[in-house]
Amino acid sequence: MLLVRPPQCCSLRIALTRRLFFSSLPPFLLSSSAINPNSTLSFSPPFSASASMTSSTPTPPVAKKVPHRMELFGDVRLDNYYWLRDDSRTSPEVLSHLKAENEYTSLVMSDVKPLVGEIYAEMRARIKEDDISAPVRKGPFYYYERTLTGKEYSQYCRRFVPTDSPPSVEDVMPTGPDAPEEHVILDKNVKAEGHDYYSIGAFEVSPNNKMVAYAEDTKGDEIYLVHVIDAESGKPVEQPLKGITSNVEWANDEYIVYVTMDEILRPDKVWLHKLGTDQSSDTCLYHEKDEMFSVDVTKSASKQYLFVGSESKNTRFLFYLDVSKLENGLLPLTPRVYGIDTTADHRGDHFFITRRSEQCYNSELVICPVDNVSDFTLLLPHRESVKIQNFHIFKNHIALCEREHGLPEITVYSLPPIGEPIRSLENGRRIEFVDQVYDVGLEESEYNSSILRFSYSSMKTPLTVYDHDVKTGASAQKKIQAVLGGFDASNYVTERQWAVALDGTRIPISILYRKNQVKLDGSDPLLLYGYGSYEVCIDADFRRDRLTLVDRGFIYAIAHIRGGGEMGRKWYENGKLTSKKNTFTDFISCAEHLLDKKYGSPKKLCIYGGSAGGLLIGAVVNMRPDLFKAAILRVPFVDVVTTMLDPTIPLTTSEWEEWGDPREEEFYYYMKSYSPVDNVEAKDYPHILVTAGLNDPLVMYSEPAKYVAKLREMKTNDNLLLFKCEFSAGHFSKSGRFESLQEDAFIYAFVLKALDLIPKVIVCE
């Protein structure tokens, strides 16, 4: 399971690849590290993963069977591998089995170890290792992150703004010998020393710019220590706060508001902490006792209020906290009404609120006076085909990120001066984008300025940060993601196709390929990615790691299936609960459409999904194993019924509104009908790679471990079945930027191996 509130505009982890080719042969048939240009080459038939499984191949681990009987509604399920679950992660027997799986995977993949190294080198060679992010102007400083050559992690830095002039699109942080000196606030490389895993989940600067609160995770379990340091000296201001989420905000220069979790890792309490006092004396501002709700805290653009939200998958209500009057505590902003979902921001004497309901399922925008929060005025009504995703408020403008026809859009509206009535939003100006499919998102912007920052990318356009003047409409590029190795966007093509689902619904598909490397006659290798849960939008953004396959002649496609939020709220609702199977059949329809249109063939089709996307892949390989040559399930949620029946497992209770509560008979049988573990059968399966993180708090490692054990028992062919469990990682793989590339390189080498795209090269001297 993946606990996530739909992001502002979803951007996924970016990796980097590079590939060198000989021009005389198809790129995926050449390995520059393996071929001597002066030798005579002859090719034997392509390597076959299944044919390679000879008597000398290592024997896969066979998990012992310990019958565990589970009965509900008169239905009996027998789980022979339940014993693989060890919440402490310390059982010698379990750890021994996981190590045996890793050793087996390593041995089976040993023949492509040079290829893994080559792909890793390609990826790393495309990275500009010494780089900085687009600086963000906050008060008297520019803040940014810097990466250094050879270092896994970034540094948090800042410089003084050497001018009193207001921000503009021409604003550029000065560098060089005459510029204000760069100050390194925090070096993650130093902090990561001695840790196999290191991640900072929050980095928040105090209002006076003198202190920083940052949340640190050294295991991958997403339970954080929050440190408060002096921004200049880096010295601790106080003892760290323990057992915190990464959700931390400054109320003012003396107080911090943070969130803690209960025993099943549900964010349930919001706390007020005064600097210099012991954590045990902190004030609990709110305790959410309903096990289906989780809490969060955000800060208004004006910095005058904090908002505390409590939400389930269907409902969200709000409190507000005046940071200048902390003694007043939390005050209610929006009521707790089932099916009503609200988010808020503040400007002048009004709160701005998006409100979703059964009738206004794509949300409407309303305002209410700060001194009368029950007096709502409608600014922007609900629209059938346009979903409000999020917004950013300025002193004189508002920018909305909306979705229409499956694509994100940004629209800017002018606001009357503070103190004057606001009756509606009219004559909005939409920012235009050129690619057929793309991703765009609102970034942090200064409330008192007229400069809107947003990021843009497409499947062939590297991530680009723009500053946009909301008064004049002028835009300026502030940063474009470097892609080394001769990358040229004009060599690539992005397209949009529409598949037809079983019920007639049209499903969008985003496609990327390289012009001179594909034939589009059904012979090209194809990778199809999918997710389709939690209303998350998997937009057509740029990811450098895709070039590893695309430059080898692959077509890369994303199926925007129901269960996600790409086409609006109804798109999500029609892919959850007892409509969840639409997610799986949509994906199959997308695969069939691509094959019909000659983007590939079943012999060269690999499918890929992670977390809830791993559930998708597990379900469709049970339903249509004949359609796919290979499948990748990354940290997959595959033991759906057992997990959702156990309220002691993190996230279970909060996700009954997503999947259903199997303690109810209808949901039990529906869930059982698609749960991958419960539907493994004695039949042929594609080549399959499954990954897990031992410390994963969102999908327990035991789910993929049990899935692989049952597949080994049941499947009837010799196709590859590999399991790789990272012992020093959580849900999101290894933490270092180069370490994570190693896992990506391994996965892509598996894809090439499974699709028989690694040639045997005979060198004739």
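Keep in mind that what you see is a predicted model, and the values were worked out from it rather than measured. (Residues numbered from 1 in each chain as written. Predicted model: local features only at pLDDT ≥ 70, side-chain atom pairs only at ≥ 80, totals over all residues. Heavy atoms only, no water.)

## Some points on the overall build of the chain
Broken down by element type, the chain carries twelve helices and 40 strands. Its C-alpha radius of gyration of 26 Å places the chain within 12% of the 27 Å reference for a compact globule of 765 residues. On the principal axes, the C-alpha backbone points of the chain span a range of 80 × 70 × 55 Å. When the 765 residues of the chain are sorted by exposure, 60% land in the buried category. Sequence-distant contacts, at least 24 apart, represent 62% of the contacts inside the chain between residues at least 6 apart. Approximately 29,900 Å² of the chain is accessible, and the part contributed by carbon and sulfur atoms is 50%. Distance from the positive charge centre (86 side chains) to the negative charge centre (107 side chains) of the chain: 4 Å. (Helix = DSSP H or I, 4+ residues; strand = E, 2+ residues; numbered from the N terminus. Rg over C-alpha atoms; globule rule 2.2 N^0.38 Å. Buried < 20%, exposed > 50% of the residue type's maximum accessible area, 1.4 Å probe, protein only. Contact = heavy atoms within 4.5 Å. Areas by Shrake-Rupley, 256 points an atom, 1.4 Å probe, with all protein chains shown as cover. Lys, Arg positive; Asp, Glu negative; His and termini not counted. Charge placed at Lys NZ, Arg CZ, Asp CG, Glu CD.)

## Some remarks on the sheet that holds strand β12 (residues 241-250)
Spatially, β9-β10-β11-β12-β13-β14-β15 is the arrangement adopted by the seven strands of the open sheet, whose pairing is antiparallel. Here the strands that pair on one side only, and so sit at the sheet edges, are β9 (199-205) and β15 (283-287). When the angles between neighbouring strand axes are averaged without regard to direction, this sheet yields 35 degrees. Two elements, strand β11 (residues 224-230) and β12, share two bridges in a ladder whose sense is antiparallel. For Y224, the partnering residue across the bridge sits in β12 and is I244. (Pairing = 2+ DSSP bridges. Axes fitted to C-alpha atoms, helices over the stretch in contact; angles between N-to-C directions.)

## Details of the nonpolar core
Membership of the largest hydrophobic core comes to 137 residues, with the highest contact counts inside it found for I607 and Y707. Considering every element that reaches this core, the biggest residue donor is helix α12 (residues 737-754), with eleven residues. With residues near it in sequence (within four places) discarded, I607 still touches L528, F587, I617, V620, V621, F628, A630, A631 and I632. Within the second largest apolar cluster, 18 residues are counted, among which are L272, V297, V323 and L330. (Core = buried A, V, L, I, M, F, W, Y, C linked by side-chain atoms within 4.5 Å.)

## Structural notes on the packing of helix α2 (residues 113-125) against α12
α12 packs onto α2 with a crossing angle of 130 degrees between their chain directions and a minimal axis gap of 8 Å. Comparing their axes, α12 and α2 come out oblique. Viewed along their axes, α2 and α12 form a crossing whose handedness is right-handed. Contacts from L115, V116, I119, Y120, M123 and R124 of α2 reach α12 at F738, L741, Q742, D744, A745, F746, Y748, A749 and L752. When grouped by side-chain class, the residues that make up the contact of α2 with α12 number twelve nonpolar, one polar and two charged. (Parallel < 35°, antiparallel > 145°, perpendicular 65-115°, else oblique. Left-handed = near helix turned anticlockwise from the far one by under 90°. Nonpolar A, V, L, I, M, F, W, Y, C, P; charged D, E, K, R; others polar.)

## Points about the pattern of salt bridges
Counted under the stated rule, the structure contains 53 salt bridges. Between K128 and D130 there is a salt bridge; the shortest N-O distance is 3.8 Å. When its relative accessible area of 33% is taken as the criterion, K128 is described as partly exposed. A residue is classified by how much of its surface remains accessible, and D130, at 43% relative accessible area, is partly exposed. For E681, the salt bridge identified is with K683, shortest N-O distance 3.1 Å. (Salt bridge = Lys/Arg side-chain N within 4 Å of Asp/Glu carboxyl O.)

## Here we look at helix α6 (residues 581-596)
Helix length check: α6 (16 residues) gives 22 Å between terminal C-alpha atoms against 22 Å at 1.5 Å per residue, within 8%. Burial within α6 is extensive, with twelve of its 16 residues counted as buried. The complete set of buried residues in α6 reads T583, F584, T585, D586, F587, I588, S589, C590, A591, H593, L594 and L595. Considering only its buried residues, α6 is in contact with β32 (492-500), β33 (506-514), β34 (526-530), β35 (555-559), β36 (605-610) and α7 (612-623). Positive backbone phi, approximately 70 degrees, marks K598, located one or two places after α6. (Expected span 1.5 Å × (residues − 1).)

## Some words on the UniProt feature "domain: Peptidase S9 prolyl oligopeptidase catalytic" (unreviewed entry) in the chain
Per the UniProt record, the feature "domain: Peptidase S9 prolyl oligopeptidase catalytic" (unreviewed entry) sits at residues 546-755. Secondary structure across residues 546-755 divides into 40% helix and 14% strand, with the first and last C-alpha atoms of the span separated by 16 Å. (UniProt positions renumbered as here; feature names shortened; annotations may be inferred.)

## What to know about the packing of α6 against α7
For the pair α6 and α7, the least separation of the axes is 9 Å and the interaxial angle reads 70 degrees. It follows that α6 is roughly perpendicular to α7 by the angle criterion. In terms of crossing hand, the pair formed by α6 and α7 is right-handed. Facing T583, F584, T585, F587 and I588 of α6, the residues of α7 in contact are L615, L616, I617, A619, V620 and M623. Considering only residue class, the contact of α6 with α7 consists of nine nonpolar, two polar and no charged.

## Considering unusual backbone geometry
Look at L577: it is not a glycine, yet its phi comes out positive at around 50 degrees. With respect to the helices and strands, L577 occurs in the loop between α5 (569-573) and α6. What makes L577 partly exposed here is its relative accessible area of 25%. Although it is not a glycine, K598 adopts a positive phi angle of roughly 70 degrees. In this fold, K598 is placed in the loop between α6 and β36. A residue is classified by how much of its surface remains accessible, and K598, at 44% relative accessible area, is partly exposed.

## A few points about the side chain of K580
Position of K580 among the secondary structure elements: in the loop between α5 and α6. Buried charge without a salt bridge: K580, with E658 as the nearest opposite-charge side chain at an N-O distance of 5.0 Å. Within the structure, K580 has its side chain in polar contact with the backbone oxygen of G575 (distance 3.1 Å). Residue contacts for K580: discarding those within four places in its chain leaves G532, S533, G575, W659, Y670 and Y674. (Polar contact = N/O pair within 3.5 Å; in protein donor to acceptor, adjacent residues only side chain to side chain.)

## A look at helix α10 (residues 665-672)
For an α-helix, the turn length of 3.6 residues means that residues three or four places apart are oriented alike. All of the buried residues in α10 are F667, Y668, Y670 and M671. Among the structural elements, β2 (68-72), β3 (75-79), α6, α8 (640-644) and α9 (656-659) are those in contact with the buried residues of α10.

## Digging into the UniProt feature "domain: Peptidase S9A N-terminal" (unreviewed entry) in the chain
In the numbering adopted here, UniProt assigns the feature "domain: Peptidase S9A N-terminal" (unreviewed entry) to residues 61-479. Secondary structure across residues 61-479 comprises 8% helix and 44% strand; the distance between its end C-alpha atoms is 49 Å.

## Comments concerning the environment of H560
Residue placement: H560 occurs in the loop between β35 and α5. Each C-alpha atom, one on H560 and one on T583, is 9.4 Å from the other, the two residues being 23 residues apart in sequence. For H560, the contacting residues outside a window of four places in its chain are I507, P508, I509, S510, I538, D539, E566 and W571. Side chain to side chain, H560 and S510 meet in a polar contact 2.7 Å long.

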